[in-house]
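# Survey of secondary and tertiary structure
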Amino acid sequence: MTSPTAAALARLPHVIAAEIGAGAAQVQAAIALLDEGSTVPFIARYRKEATGGLDDTQLRTLAERLVYLREMEARRAAILGSITEQGKMTDALAQTLAKATTKAELEDIYLPFKPKRRTKAMIARENGLEPLLDAILADRSAVPEALAAGVLSAAVPEVKAALEGARDILAERLSEDAALLGRMRAWLQREALVTAKVIPRKEAEGAKFSDYFAHSEAWSTIPSHRALALLRASKEGIVSLDIGPEPETGK
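Reading the values: the criteria
- Residues numbered from 1 in each chain as written.
- Predicted model: local features only at pLDDT ≥ 70, side-chain atom pairs only at ≥ 80, totals over all residues.
- Heavy atoms only, no water.
- Helix = DSSP H or I, 4+ residues; strand = E, 2+ residues; numbered from the N terminus.
- Expected span 1.5 Å × (residues − 1).
- Buried < 20%, exposed > 50% of the residue type's maximum accessible area, 1.4 Å probe, protein only.
- Arc of directions from axis to C-beta.
- Contact = heavy atoms within 4.5 Å.
- Pairing = 2+ DSSP bridges.
- Axes fitted to C-alpha atoms, helices over the stretch in contact; angles between N-to-C directions.

### Quick look at the environment of Lys120
Locating Lys120 in the fold gives a position in helix α8 (residues 120-126). Along the backbone, Lys120 and Arg167 are 47 residues apart, and their C-alpha atoms lie at a distance of 9.7 Å.

### A few points about helix α2 (residues 24-35)
If you check α2, its first and last C-alpha atoms are 16 Å apart, about what 12 residues at 1.5 Å a residue would give, namely 16 Å. The set of residues buried in α2 consists of Val27, Ala30, Ile31, Leu33 and Leu34. Axial view of α2: buried residues confined to an arc of 160 degrees, hence all on one face. Lining the buried residues of α2 we find α1 (6-20), α3 (40-46), α4 (48-51) and α5 (56-85). Where α2 ends, the next residue or the one after it, Gly37, has phi of about 110 degrees, a positive value.

### Observations concerning the sheet that holds strand β3 (residues 239-244)
Within the open sheet, the 3 strands sit side by side as β2-β1-β3. Their pairing is antiparallel. At either margin of the open sheet sits one strand with a lone partner, and together these are β2 (214-218) and β3. Between one strand axis and the next, the sheet turns by 10 degrees as a mean value, whatever way the strands run. Pairing between strand β1 (residues 193-198) and β3: 6 bridges, direction antiparallel. Counterpart to Leu193 in the pairing with β3 is Gly244.

Here it is in structure tokens:
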């Protein structure tokens, strides 16, 4: 894996400092102690002078964000290396990757360039069906069947097969559109419900999670401690967990 750049890592104390309401020097001191093997409780209790008085809550957030951001920078560097090796890197793409602030956003951007198995969309492109999709999207008043009839070939002898191939290409385009994925994720965070249901015959085994046997609440307002408890219950096979819009409203 390509290593994250020194410049990116040097920015991390400033990023974390802004998030926890502290100074960059305080954060840098805490990072040094953590890297030496000190624990958060130890630093909070015995190294207040070194960190400028960072409290336990600030230090826990700092430690969690440090791991996340270091992993994100390593992933950013790996993605940059992969796309560059493919010969597909551009200045605009490099800037877009540099501006990504979450792992999810990085992966969304990388998705079109990520090596993958041969898909239906790839086969449809090989069969010359991408121009059909472009023509349909360019003229929404046109009759798709009529456009499809003009691209039939030995590989695609039927109108139905041509339209299915165009749909496969469209589905892949949408699934690899980083901006669209970001908007959908933000919409879900605003509108979706987190719903948990106990798995049949798991009631006794999962008694400690009984509060979540039939639980539903908005993703936008769920407290972090409850979200973690739901994830643990799901991981232990006690509840099934679903995140999605309200079925009755279609939101």
